[in-house]
Amino acid sequence: VGVSWLARGGCPSVLPAALMDAIILQERLVERLLSPRPQAPRSHPGRLKDHEKQYVGFATLPNQVHRKSVKKGFDFTLMVAGESGLGKSTLVNSLFLTDLYKDRKLLNAEERINQTVEIIKHTVDIEEKGVKLKLTIVDTPGFGDAVNNTECWKPITDYIDQQFEQYFRDESGLNRKNIQDNRVHCCLYFISPFGHGLRPVDVEFMKALHEKVNIVPLIAKADCLIPSEIRKLKERIREEIDKFGIKVYQFPECDSDEDEEFKQQDRELKESAPFAVIGSNTVVEAKGQRVRGRLYPWGIVEVENQAHCDFVKLRNMLIRTHMHDLKDVTCDVHYENYRAQCIQQMTSKLTQDNRIESPIPILPLPTPDTETEKLIKMKDEEVRALPACTSLVMELESK
């Protein structure tokens, strides 16, 4: 339009402003189209970028282990032991928010007199936020209830050894891909709050098991005692554990790079052992909130209130912070001791019996006769005389 207007004799200085802007925009567009384009560097599809050259990739290994572990799931075997009436079943249900003892039958006094120690397993699959846990609870009804409790822990130690033996057989077999781990990873031992420390049966039980399983002693039904009595009982139990040389589960030391909050929690756990616990499956209302606890005429005992008991500390230790360490100690210490003992016994038995026969028969060496011995002696004398003959021949040749 502007060119035709100029061709008719129009003056460029009097062009309309909109027309001038259009002409300038058109000229810039033509210049951009005619000017050579700067070529961008070609990116090779197989060549790594600069920031990728400094990255190997093994930092993703924890993510790979996490995905594989979550997909496979986890298993944990917990044993509870102690005399009847100390709240073992209630505490287990409170810990894992399940009801493992729906069909439990309570025995009367006459039936408990003749009752022997049993081993009862309860297995339940729990899933939380996509993580699956196969929980096995090993209960020991009848322990400590008889008039004569001599070696009442023998069925329990036999059961633990049987699980070690079964795992050892599976591990030594041909198919080691899907081995079921039924080894006991932790034993919660319930101590009566009505005594003045450990009873003889408590000492003998823990001494019989402390080389085979991780023992975590608990003061049962802690709501029967006032705080000062609980402190005194804890000190007394710790002293007796050291006195009798009982090896209970030791919490691992914190790493130096852990934060202060975790270190404080670890110190509180170590100071609280043995844990004074309370269990309850009943939900009560306290101060306008519904909590799990026990209702008494004088008030309410809250299970998850750390001012009332150590239930929360036990749950954190058992499930949230030290479950994997309990399994590691079981595998690396207790099972390895059993495995080394088995191999040593097998080796000593084979050495004593000496029943291993060689697949290649070993023939007895023939004894040389007198003629052969004479011939060997003659040859030896000839060999000894050979240097003298050689020197004599050299002297004659030189003359």
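Residues numbered from 1 in each chain as written. Predicted model: local features only at pLDDT ≥ 70, side-chain atom pairs only at ≥ 80, totals over all residues. Heavy atoms only, no water.

The protein has the name SEPT5 protein in an unreviewed UniProt entry, where Onychorhynchus coronatus is given as its organism. Among the UniProt annotations of the protein, the heading Subcellular location (unreviewed entry) holds the following wording: "Cytoplasm". The UniProt entry for the protein carries this comment under Sequence similarities (unreviewed entry): "Belongs to the TRAFAC class TrmE-Era-EngA-EngB-Septin-like GTPase superfamily. Septin GTPase family." (UniProt positions renumbered as here; feature names shortened; annotations may be inferred.)

Moving on to the pattern of salt bridges. What the rule picks out here adds up to 17 salt bridges. One salt bridge connects R199 with E83, and the closest N-O pair in it is separated by 2.8 Å. Remark: E83 occurs in the loop between β1 (74-81) and α5 (88-96) and R199 occurs in the loop between β4 (186-191) and α8 (200-209); sequence separation between them is 116 residues. Of the residues examined, R199 reaches a relative accessible area of 31% and is grouped as partly exposed. Overall, E83 belongs to the buried group, its relative accessible area being 17%. (Salt bridge = Lys/Arg side-chain N within 4 Å of Asp/Glu carboxyl O. Helix = DSSP H or I, 4+ residues; strand = E, 2+ residues; numbered from the N terminus. Buried < 20%, exposed > 50% of the residue type's maximum accessible area, 1.4 Å probe, protein only.)

Further remarks concern the sheet that holds strand β9 (residues 299-302). Sheet architecture is open: three strands sit in the order β7-β8-β9, paired in antiparallel fashion. Looking at strand neighbours, the two that pair on one side only are β7 (283-286) and β9, the edges of this open sheet. Here the average twist between neighbouring strands, direction ignored, is 70°. As defined by bridge partners, strand β8 (residues 289-296) adjoins β9 across four bridges and the pair is classed as antiparallel. When the bridges of β9 are listed, R294 appears paired with V301. (Pairing = 2+ DSSP bridges. Axes fitted to C-alpha atoms, helices over the stretch in contact; angles between N-to-C directions.)

Averaged over every residue, the pLDDT of the protein is 78; residues scoring 70 or more account for 74%. Here residues 1-8 scores under 50 on pLDDT; set against residues more than four positions off or in separate chains, the count is ten contacts. Long-range and interchain partners of residues 357-366, a stretch whose pLDDT sits below 50, account for zero contacts in this model, where long-range means more than four residues apart. (pLDDT = per-residue confidence, 0-100. Contact = heavy atoms within 4.5 Å.)

Looking along the chain, the bond that leaves A273 and enters P274 is cis, with omega of -5°. Turning to its location among the elements, P274 is positioned in the loop between α10 (260-272) and β6 (275-276). Located in the positive-phi region is K221, a residue other than glycine, with phi close to 50°. The topology assignment puts K221 in the loop between β5 (215-219) and α9 (227-243). Residue class for K221 comes out partly exposed when judged on its relative accessible area of 35%.

Moving on, we get to the nonpolar core. Core analysis: the largest hydrophobic core is formed by 72 residues, its most contacted members being L188 and F205. When residues no more than four places from it in sequence are discounted, the contact partners of L188 are L78, M79, V80, A81, L95, V216, L218, L314 and L318. (Core = buried A, V, L, I, M, F, W, Y, C linked by side-chain atoms within 4.5 Å.)

Glancing now at the sheet that holds β5. In space, the six strands of this open sheet follow the order β2-β3-β1-β4-β5-β6, with mixed pairing throughout. Two strands close off the open sheet at either side, each with one partner strand: β2 (120-128) and β6. Pairing between β2 and strand β3 (residues 131-139): nine bridges, direction antiparallel. Looking across to β3, one finds that H122 is bridged to I137.

We now examine the packing of aromatic side chains. Under the defined criterion, the tally for this structure stands at nine aromatic pairs. When the ring of F164 is compared with that of Y338, the centres are 5.5 Å apart and the planes differ by 35°; the resulting orientation is tilted. Residue F164 is found in helix α7 (residues 154-172), and its partner Y338 is found in helix α12 (residues 323-353); the two are separated by 174 residues along the sequence. The pair F164 / Y338 is uniform in exposure class, with both members buried. Relative to W298, the ring of Y296 lies with its centre 5.0 Å away and its plane at 5°, an arrangement referred to as stacked. Members of the aromatic cluster, joined through ring pairs, are F164, Y167, Y335 and Y338. Geometry around Y335 places R183 over its ring, the cationic atom sitting 4.9 Å from the centre. (Phe/Tyr/Trp six-rings, centres within 6.5 Å; stacked < 30°, edge-to-face > 60°. Lys NZ or Arg CZ within 6 Å of the ring centre and 35° of its normal.)

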